[in-house]
Amino acid sequence: QVHLVESGGGLAQPGGSLRLSCAASGRTFSSLPMGWFRQAPGKEREFVARVNWSGGSTSYADSVKGRFTISRDNAKNMVYLQMNSLKPEDTAVYYCNTVLGDSTPSGSWGQGTQVTVSS
């Protein structure tokens, strides 16, 4: 079981940047694909990005491709999401989780971190 704690959210202006962090505990972390998901008000939680166990392979939702970058540091048990060129529609609570297959969350959810993009 992997326990996850997200941080780094906040208020950003359109076109701005934020970097989210996810601290993971658990011996199996370094062998698991990890992902970021988000849930906007009134909407279902959706997939944002995925990174494989080594960090050598990534995939993204079309809505964030070219703007967001997912990465991981297995030595520190951390997963990151660098978000650039932020848009108001990126406003959501962001969560990290283990990933099954291409984009299915497979573990317990943390508390998430709020990202608000507004001028």
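The following paragraphs examine the structure supplied in this document. Everything quoted here is computed from the prediction, not taken from an experiment. (Residues numbered from 1 in each chain as written. Predicted model: local features only at pLDDT ≥ 70, side-chain atom pairs only at ≥ 80, totals over all residues. Heavy atoms only, no water.)

Topic: unusual backbone geometry
Residues other than glycine seldom take positive phi values, yet Asn77 does so here, at roughly 55°. Accessibility expressed as a relative area gives 21% for Asn77, which makes it partly exposed. (Buried < 20%, exposed > 50% of the residue type's maximum accessible area, 1.4 Å probe, protein only.)

With respect to the layout of surface pockets
Counted as a void, the largest pocket has a volume near 170 Å³. Along the walls of the largest pocket sit 13 residues, with Arg38, Ala40, Lys43, Glu46 and Glu89 positioned nearest its centre. (1 Å grid on protein atoms, 1.4 Å probe; cavity = no way out; pocket = protein on both sides within 12 Å on 5 of 7 lines; lining within 4 Å. Points joined across faces, edges and corners; volume = space filled by probe spheres on them.)

Some remarks on the pairing of strand E1 (residues 3-7)
Of the two faces of E1, the one lined by Leu4 and Glu6 is fully buried and the one lined by His3, Val5 and Ser7 carries no buried residue. Sheet analysis places E1 next to strand E3 (residues 18-25), joined by five bridges and oriented antiparallel. Paired with Ser7 across the strands is Ser21, a residue of E3. (Helix = DSSP H or I, 4+ residues; strand = E, 2+ residues; numbered from the N terminus. Pairing = 2+ DSSP bridges.)

Regarding the nonpolar core
Residues Trp36, Val48, Phe68, Ile70, Leu81, Met83 and Tyr94 are the most contacted members of the largest nonpolar core, which totals 31 residues. The set of elements that each furnish at least two residues to this core consists of E3, strand E4 (34-39), strand E5 (46-51), strand E7 (68-73), strand E8 (78-83), strand E9 (92-100) and strand E11 (113-117). Beyond its immediate stretch of four places on either side in the chain, Leu81 contacts Leu18, Arg19, Leu20, Trp36, Val48, Ala49, Phe68, Thr69, Ile70 and Tyr94. (Core = buried A, V, L, I, M, F, W, Y, C linked by side-chain atoms within 4.5 Å. Contact = heavy atoms within 4.5 Å.)

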